[in-house]
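Residues per chain, in single letters:
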Amino acid sequence: MFVQVCLYFYCKCLWRCLKFVVRKLTGRCELQRICYNTKPGAARTMKIEASLKGSKSKRLQSSVSVHPDAIEKTIDDIMELKRINPDINPQLGVSLQACLLQIVGYRNLIAEVEKLRREPYDSENPQHEEMLLKLWKCLKPDSPLKARISKQWCEIGFQGDDPKTDFRGMGLLGLYNLVYFAEWDTEIAQQVLSDSLQPKYSYSFAIVGINITDLAYNLLVSGALKTHFYNVAPEAPTLTHFQQTFCYLMHEFHKFWVEEDPLDIMEFNRVREKFHKRILKQLQNPEMALCPHFAASESLINM
């Protein structure tokens, strides 16, 4: 243990000495070298984030967690601290601002998603009930719901006659994602639902949607989705980006389920874990952007 600690500090000191030498040779600090030598996107933003977090300066470390309104002032502070003349290096400020918007935006997105996940479904809340009924109307427009408490809910993949009990794990986040998928990618959502009801593919659409919400949530919180969001969101990633990512994951999981051809629903955890690993592997590529093939995300593809 002692040797490992010594090795850590040795490597850290060596790295800082190396950065000092490189700066003297190039006339540029690490932030400048990253911005000038790395194209915009996840590769650049993740390097900037790592550089700021690993800085010995507390001011630089805290810059990744400032309020969005304070980003411009934070850029000025960074330029002053690094003794960089903004008039000679105007593009650096622009590049740093874009990176910080993504970094701070990702942190705020986690907070927003976590808030939705922690909010339980409340059948006494008219807005919650309205969203639930919208989900039914989008998925089953030609089949009126006969009653709020009904076995009909099983037709779209809920476990019983009252869906509120199925949202306990992911709270409102599960409902938000399902409604977004059904409302904005209606044709694909209805097709996936139809396929899920076939004996050959048989799985519970809504329950799997809540489960895929959990998968998307864990990818977000672990930081794995930074690659995707930093490549598709030119500024701060938003809840809409997250919901579009859910749509992509839901669609891709359905195709993956069909390809795997499981014997029955008892193989769900195995297939889900295999799918999770495949997505993680894709996201390890800094050039990766999960490219959906449906209407809700066409704007992302064209960015």
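In the block above lies the structure referred to throughout.
Description of the structure in this document. Note that the coordinates shown come from a computational prediction; the quantities given were computed from them, not determined experimentally.

This next bit is on the packing of aromatic side chains. This model, assessed by the stated rule, comprises 15 aromatic pairs. Pairing Trp257 with Phe268 gives two aromatic rings, centres 6.1 Å apart and planes at 45°, and the pair type is tilted. Of this pair, Trp257 sits in helix α12 (residues 239-260) while Phe268 is found in helix α13 (residues 268-283), placing the two residues eleven residues apart along the sequence. For the pair formed by Trp257 and Phe268, the shared burial category is buried. An aromatic cluster is built from Tyr203, Phe253, Phe256, Trp257, Phe268 and Phe275, whose rings are joined through pairwise contacts.

A separate point is unusual backbone geometry. Notably, Arg83 is not glycine yet its phi reads approximately 55°, a positive angle. Inspection of the secondary structure puts Arg83 in the loop between α5 (71-81) and α6 (90-118). Backbone geometry at Asp261 places phi at a positive 50°, although glycine is not the residue there. Take Asp261: it is sitting in the loop between α12 and α13. The exposure class assigned to Asp261 is partly exposed, which follows from its relative accessible area of 47%.

It is at 9 Å that the axes of helix α10 (residues 205-222) and α12 come closest, and there the two elements cross at 125°. The pairing of α10 with α12 is recorded here as oblique in orientation. In this structure, α10 meets α12 at a crossing whose hand is right-handed. On α12, the residues that touch Phe205, Val208, Gly209, Ile212, Thr213, Leu215, Ala216, Tyr217, Leu219 and Leu220 of α10 are Phe242, Phe246, Leu249, Met250 and Phe253. A per-class count over the contact of α10 with α12 returns 13 nonpolar, two polar and no charged.

Conventions used here
Residues numbered from 1 in each chain as written. Predicted model: local features only at pLDDT ≥ 70, side-chain atom pairs only at ≥ 80, totals over all residues. Heavy atoms only, no water. Phe/Tyr/Trp six-rings, centres within 6.5 Å; stacked < 30°, edge-to-face > 60°. Helix = DSSP H or I, 4+ residues; strand = E, 2+ residues; numbered from the N terminus. Buried < 20%, exposed > 50% of the residue type's maximum accessible area, 1.4 Å probe, protein only. Axes fitted to C-alpha atoms, helices over the stretch in contact; angles between N-to-C directions. Parallel < 35°, antiparallel > 145°, perpendicular 65-115°, else oblique. Left-handed = near helix turned anticlockwise from the far one by under 90°. Contact = heavy atoms within 4.5 Å. Nonpolar A, V, L, I, M, F, W, Y, C, P; charged D, E, K, R; others polar.

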